[in-house]
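What follows is each chain in one-letter form.
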Amino acid sequence: MAKLLLLHAPHVIPRFSSSSRSLVSAAALYRRPLLVNPQFSHIGPRLRSPYNRRFSARAFDDSPASSTEMEKEKQEQLLDGVSGKKDEDYPTGEMEYENRNAWEIFVVKLRMLFAYPWQRVRKGSVLTMTLRGQISDQLKSRFNSGLSLPQLSENFVKAAYDPRIAGVYLHIDPLSCGWGKVEELRRHILDFKKSGKFIVGYISICGLKEFYLGCACNELYAPPSAYSFLYGLTVQASFLGGVFEKVGIEPQVQRIGKYKSAGDQLSRKNISEENYEMLSVLLDNIYANWLDGVSDSTGKKREDVENFINQGVYEIEKLKEEGLIKDIRYDDEVIAMLKERLGVEKDKKLPTVDYKKYSGVKKWTLGLSGGRDQIAIIRAGGSISRVKGPLSTPGSAIIAEQLIEKIRSVRESKKFKAAIIRIDSPGGDALASDLMWREIKLLAETKPVIASMSDVAASGGYYMAMAANTIVAENLTLTGSIGVVTARFTLAKLYEKIGFNKETISRGKYAELLGAEERPFKPEEAELFEKSAQHAYQLFRDKAALSRSMPVDKMEEVAQGRVWTGRDAHSRGLVDALGGLSRAIAIAKQKANIPLNKKVTLVELSRPSTSLPDILSGIGSSVIGVDRTLKGLLDELTITEGVQARMDGIMFQQLGRDSLATPIIDLLKDYLSSLR
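Residues numbered from 1 in each chain as written. Predicted model: local features only at pLDDT ≥ 70, side-chain atom pairs only at ≥ 80, totals over all residues. Heavy atoms only, no water.

Here's the deal with the overall build of the protein
Here is the rule we go by: Only DSSP runs of H or I reaching four residues or more are called helices, and only runs of E reaching two or more are called strands; each is numbered from the N terminus. Throughout this description, buried means an accessible area under 20% of the type-specific maximum (1.4 Å probe, protein chains only), exposed means over 50%, and partly exposed covers the range between. The criterion used for residue contact is that any of the two residues' heavy atoms lie within 4.5 Å. Note on areas: Shrake-Rupley, 1.4 Å probe, and residue coverage restricted to the protein chains presented here.
Regarding its fold elements, the protein presents 23 helices and 27 strands. Per-residue burial over the protein gives 53% buried out of 676 residues. Counting contacts in the protein only where the partners sit at least 6 residues apart, residues at least 24 apart contribute 78% of the total. Accessible surface, the protein: about 31,100 Å² in total, of which carbon and sulfur atoms supply 52%.

Below, the structure written as structure tokens:
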């Protein structure tokens, strides 16, 4: 499903009755003065912060330049990004496995001897982990179910150095996370192999994401009955224009930017040329990255991998014949093979430790604790809102007031040498995004701030990131999405069909701009609606240009609501470097003048809550608060206050997957999600 709701005014719903929610107020969100050279407040107005990005003078120069100069500048920006640095100028953050000396080995053994019973692991154990479904970018407590990318990543690192761990047995089930997290996991699999220990993968439903991870293992196995869905990638776009027409609802959509497709879902019956172009480029990037990765891992030519996909192979035996998997075996047969490899007797059980228990093993026990210098990690995942709502659960959304509190604590603390803002968000409330942008910008005046993007950091998510000194994204992170769309529903025909009538009494020329859904816009209202949207877009675009030290006309070329992959965003100056969290940490050390080979302590400020209310929040809303939950859900679906800076989900599907889903369910789900 492809809907790009990037930066827009509220979907205007009939229950809006007050002109105080008018889109005109959007301009007020951006009236804060833009700081060209933020300064240290305690030093003086003329001394610039050493942590700020260099601003190009041409960003504020309207004088004409020769075509040769402009072309040269364009090429330099495309190659080097706006920061004046090439990707290779930043440290890679690549893991280098280091063998330990005798003293270090002795200390680790001594610590393991005195470890708590629940942190002890039998020597020669195999770490077993199952990758399945959603993978959160947030830390999870022992009371939370589901997988956490930070804890998965840490487990790979710990297992590489843990003398008690002989190897990893990785079950890979269908995944629902984005390609950014898949890239991060694949990187950790490849890094783990540097330790010389084995990592064996097992896959029963072979989709593109699952195989992309599995082929990075030393060996990959599958049962005889495994499903193969290596058919390719698809992206789908649904449109409600025909549905609304039949029921008598007329969406009045104002779209700013030729790639703005969020309004298309409400008003069109088919895909626009611009939306088709954008989605095709995204699809090409993802598919090309997949082919390159599989080719590197299997040692096969890229053309051969693509030809195999185009054969429409569904038999798992074909994967073995082509050397894409090691062998066809059941799970118990793989375990028997591992027992034989580790010298475990046939009648004995293979010593294993699972993901949950191993997550409790402390890095200190393994001699992996950091140094004295500390770097703060602030995680921001989910849709953006200003305050905590009745349905909010810890870690499920970015609550501006909570995140701002964390950012300020880092700014006011002298113990942190740098900060990393880890973003996994399609955006949300524009005011909240701007307030967080301001706080991140203030933090960047006092110490280095690195933005690290996960699956998606678009629209409001990108808004936050552009306040950082350096932006790091995965190759397939979805980012950018700088644009505006506003929409209001006119229900006159629907009211007529059902015999409903509504009369509005107002004071003020534009009081009914968003409140009188029983009639279309008057000419002067339509004009104001358009002007306010144009103004909101220009302010967003100009702030992005300023933050990226880019001329406004240059930013206009890459804005217009277009979503980019991290790789394309990097070549166009929206991103500084490509990589995961490890690279963001290395860049933070470099910016803070910490030697790259020196250990640092990473302090997670978004640690999961273990308070009883938070533990019970998930079951409380579904067991003892059903009526309140449903009421809150309906309120959220029908009332949206303020301008939104949101990119609605782009879902890339593999053919043959989600076979039980129906178009009607998808349509309704998409429509409801667009109203959030």
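Having put the structure on the table, let's press on.
Notes on the pairing of strand S8 (residues 219–222)
The following threshold applies: Two strands are counted as paired when DSSP detects at least two bridges linking them.
Side chains Glu-219 and Tyr-221 project from S8 onto one buried face, and the interleaved Leu-220 and Ala-222 project onto a second face that is buried too. In the sheet, strand S6 (residues 198–203) pairs with S8 via three bridges, with the strands oriented parallel. Opposite Tyr-202, over in S8, you have Tyr-221 as the bridge partner. As paired elements, S8 and strand S12 (residues 327–328) share two bridges and run parallel to each other. From the neighbouring strand, Ala-222 faces S12, where its bridge partner is Ile-328.

A word on the environment of Ala-569
In this fold, Ala-569 is placed in helix H19 (residues 566–571). Considering only alpha carbons, one finds Ala-569 and Val-558, eleven residues apart in sequence, at a separation of 8.5 Å. Setting aside residues up to four positions removed in sequence, Ala-569 forms contacts with Thr-479, Trp-564, Leu-574 and Val-575.

What about the packing of helix H13 (residues 400–412) against helix H14 (residues 430–446)?
Our working rule: Axes here mean lines fitted to C-alpha atoms, for a helix over just the part in contact, with angles spanning 0 to 180 degrees between N-to-C directions. The labels follow the angle: roughly parallel below 35 degrees, roughly antiparallel above 145, roughly perpendicular from 65 to 115, and oblique for the rest. The nonpolar class holds Ala, Val, Leu, Ile, Met, Phe, Trp, Tyr, Cys and Pro. Asp, Glu, Lys and Arg form the charged class, and all remaining residues, Gly among them, are polar.
The geometry of H13 relative to H14 is characterised by a closest axis approach of 9 Å and an angle of 5° between their N-to-C directions. Classified by the interaxial angle, the pair formed by H13 and H14 is roughly parallel. Residues Ala-400, Leu-403, Ile-404, Ile-407, Arg-408, Val-410 and Arg-411 of H13 form the contact with H14, whose own contacting residues are Ala-432, Leu-435, Met-436, Glu-439, Ile-440, Leu-442, Leu-443 and Thr-446. Partitioned by chemical class, the residues of the contact of H13 with H14 number eleven nonpolar, one polar and three charged.

Some remarks on the side chain of Ser-195
Put simply, the rule is: As used in this structure description, the phrase polar contact means that two N or O atoms lie within 3.5 Å; if the pair is within protein, one of them must be able to donate a hydrogen and the other to accept it, and residues adjacent in sequence are counted only when both atoms belong to side chains.
Inspection of the secondary structure assignment puts Ser-195 in the loop between helix H4 (179–193) and S6. Using a relative accessible area of 14% as the deciding quantity, one classes Ser-195 as buried. Within the structure, the side chain of Ser-195 is placed 3.3 Å from the backbone nitrogen of Lys-197, a separation counted as a polar contact.

Some words on a negative patch on the surface
Operational definition: Two distance rules govern patches: like charges are joined within 9 Å, and nonpolar side chains (Val, Leu, Ile, Met, Phe, Trp, Tyr) within 5 Å, applied only to residues with over 30% relative accessible area and no salt bridge. Salt bridge, as used here: a side-chain nitrogen of Lys or Arg that lies within 4 Å of a carboxyl oxygen of Asp or Glu. The sign given to each residue is positive for Lys and Arg and negative for Asp and Glu; His and the chain ends receive no count. One atom stands in for each charge, and that atom is NZ of Lys, CZ of Arg, CG of Asp or CD of Glu.
Judged by side-chain charge, Glu-303, Asp-304, Glu-315, Glu-317, Glu-321 and Glu-322 come together as a negatively charged surface patch. Structurally, Glu-317 can be placed in helix H10 (residues 316–321). Classification of Glu-317 as partly exposed rests on a relative accessible area of 40%.

With respect to a nonpolar patch on the surface
A surface patch of nonpolar side chains, about 630 Å² in accessible area, is lined by Trp-103, Phe-106, Leu-110, Leu-113 and Phe-114. Secondary-structure assignment places Phe-114 in the loop between helix H2 (102–113) and strand S2 (125–133).

A short note on the sheet that holds S2
Ordered in space as S12-S8-S6-S5-S2-S13, the six strands form an open sheet in which the pairing is parallel. With partners counted over all chains shown, the strands left at the sheet margins are S12 and strand S13 (352–354), one partner each. Seen against the sheet, helix H3 (residues 149–161) touches S2, strand S5 (165–175) and S6 and runs at an angle of roughly 160° to S2. Here H4 sits on the sheet and contacts S2, S5 and S6; the angle it forms with S6, its principal contact strand, is near 140°.

Some words on the UniProt feature "active site" (unreviewed entry) in the protein
Applied cut-off: UniProt positions are given in the numbering used here, feature names are shortened, and annotations may be inferred rather than shown by experiment.
Residues annotated by UniProt as "active site" (unreviewed entry) correspond here to Lys-260 and Ser-459. Despite a sequence span of 200 residues, these residues sit close together in the fold, their greatest C-alpha distance being 11.6 Å. With respect to the helices and strands, the residue Lys-260 is situated in the loop between strand S11 (250–256) and helix H7 (262–267). On the accessibility criterion, Lys-260 (0% relative accessible area) is buried. The buried category is assigned to Ser-459, whose relative accessible area is 0%.

Considerations on the nonpolar core
Counted only if it meets this: Only buried Ala, Val, Leu, Ile, Met, Phe, Trp, Tyr and Cys residues count toward a nonpolar core, and they belong to the same one when joined by side-chain atoms within 4.5 Å.
Val-168, Leu-170, Trp-179, Phe-211, Trp-290, Leu-319 and Tyr-358 are the most contacted members of the largest nonpolar core, which totals 63 residues. Those residues within four positions of Val-168 in sequence are excluded, and the remaining contacts are Val-126, Leu-127, Met-129, Phe-156, Ala-159, Phe-192, Phe-198, Ile-199 and Val-200.

A few points about the packing of aromatic side chains
The condition is simple: Side-chain rings of Phe, Tyr and Trp (the six-membered ring for Trp) are treated as a pair once their centres are within 6.5 Å; stacked means planes under 30 degrees apart, edge-to-face means over 60, and tilted covers the remaining angles.
The final tally for this structure, using the stated rule, is 13 aromatic pairs. When the ring of Trp-103 is compared with that of Phe-106, the centres are 5.7 Å apart and the planes differ by 35°; the resulting orientation is tilted. Of this pair, Trp-103 and Phe-106 both sit in helix H2, three residues apart, which is roughly one turn of that helix. Note on Phe-211 and Trp-290: the rings are 6.4 Å apart at their centroids and 45° apart in plane angle, and the pair reads as tilted.

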